[in-house]
Amino acid sequence: MPNKKESDTTVSSLPSDESNPTISSTIASTEHSKGNKPLSSARVQIPISYPEDGMLTVEWIQDLTLTFDWSSRNLPPSEFPSVFPVDVFDTLVLTASKILHKEPNCVVIDDFDQDSRVVVVGDVHGQLHDVLFLLRDAGFPSKNCFFVFNGDYVDRGAWGLETFLLLLAWKVFLPHRVYLLRGNHESKYCTSVYGFEKEVMAKYGDKGKHAYRKCLGCFEGLPLASLIGKHVFTAHGGLFRSVSHAPSKKPKGKKKNNVVFNPETNPLSLGSFHELAKARRSVLDPPWNPQLSSNLIPGDLLWSDPSMKLGLSENTERGIGLLWGPDSTEEFLKKFSLKVIS
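Residues numbered from 1 in each chain as written. Predicted model: local features only at pLDDT ≥ 70, side-chain atom pairs only at ≥ 80, totals over all residues. Heavy atoms only, no water.

In the nomenclature of an unreviewed UniProt entry, the chain corresponds to Serine/threonine-protein phosphatase 7 from the organism Citrus sinensis.

Draft legend 1. Geometry of the sheet that holds strand S6 (residues 178–180). Taken in spatial order, the three strands of this open sheet run S4-S5-S6, and their pairing is parallel. Of all the strands in the sheet, just strand S4 (117–121) and S6 have a single pairing partner and so form its edges. Averaged over neighbouring strand pairs, the angle between their axes works out to 15 degrees when direction is ignored. Two elements, strand S5 (residues 145–149) and S6, share three bridges in a ladder whose sense is parallel. (Pairing = 2+ DSSP bridges. Helix = DSSP H or I, 4+ residues; strand = E, 2+ residues; numbered from the N terminus. Axes fitted to C-alpha atoms, helices over the stretch in contact; angles between N-to-C directions.)

Draft legend 2. Quick peek at unusual backbone geometry. Following Ile46, the chain continues to Pro47 via a peptide bond in cis, the omega torsion being 0 degrees. Relative to the helices and strands, Pro47 resides in the loop between strand S2 (38–39) and helix H1 (58–74). Backbone geometry places Asp152, a non-glycine residue, at a positive phi of 60 degrees. Within the element layout of this structure, Asp152 appears in the loop between S5 and helix H5 (160–173). Since its relative accessible area comes to 1%, Asp152 is described here as buried. (Buried < 20%, exposed > 50% of the residue type's maximum accessible area, 1.4 Å probe, protein only.)

Draft legend 3. Region of interest: the environment of Gly325. Tracing the backbone shows Gly325 in the loop between strand S11 (322–324) and helix H11 (326–335). Separated by 14 residues in the primary sequence, Gly325 and Gly311 place their C-alpha atoms 5.1 Å from one another. Those residues in contact with Gly325 that lie beyond four places of it in its chain are Ser307, Lys309, Leu310 and Gly311. (Contact = heavy atoms within 4.5 Å.)

What follows is the structure, encoded as structure tokens:
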């Protein structure tokens, strides 16, 4: 299994209000926390309902934002179905999944002008309130403000579900202004180890397994990389290998779709955008054994790390992906006329 060199994390409970308030559509004004301004009850919609016409609006997302902000500070995890019912969850995740699965492995973002901004966001790991601050501070997605979220929406933090659902809502509302890439934590392995599965089970109870499976299916559709303005390449892990070498003979007793590569006869080399486009990303846990699979590009893009050592090598510390040196960075930039790897 991949070795992230991370300690196990426990999903902490959401802070609950001492008075144990009854959930209803009318909620008394509540202070977020000491020193913060009161949150008006008029905009807290509980439960959230999906628009009847199926069309999300900026007002709906604003209501969702305020409601998630309030409930995350005042209600225990077990009350989440009363805030965001499972049927609304299903509709949002299905709608977003259909959009995501249609996008290419590497999304191209170049339909902007000189007045536009592209904000690239790294790991947010369930820190809902940090994401809310970021959106307010950087400016909300709009015609001239693009966002590229570079994976790791869940695990570690207590509000991975709210964070992911809010970003999915933005994706549905502005699919060509908000781009959600996949991180290594958008996998069955990581979410079962680092907290997200437990979080979903705590929040949706007897519907938890259903909700978790739906999230995993959505993770499979997340693109692996982006190319911004023809000069900036973004991926959660980094560079990826070429898989164009001819495979060795398949060992006896193995399934036909298992391909064995011999690293001695097939030295590592950088992959191309053509190979990236052909990679199969709909895998929950990208294969990490280069001897048993030809579909190694997703694992490279999600798990690779830069290194001060020259060249390309297997990332033995993680057990998946590559280590790439400064010479590989320079080669990749020159080969594809790029300026930045983010």
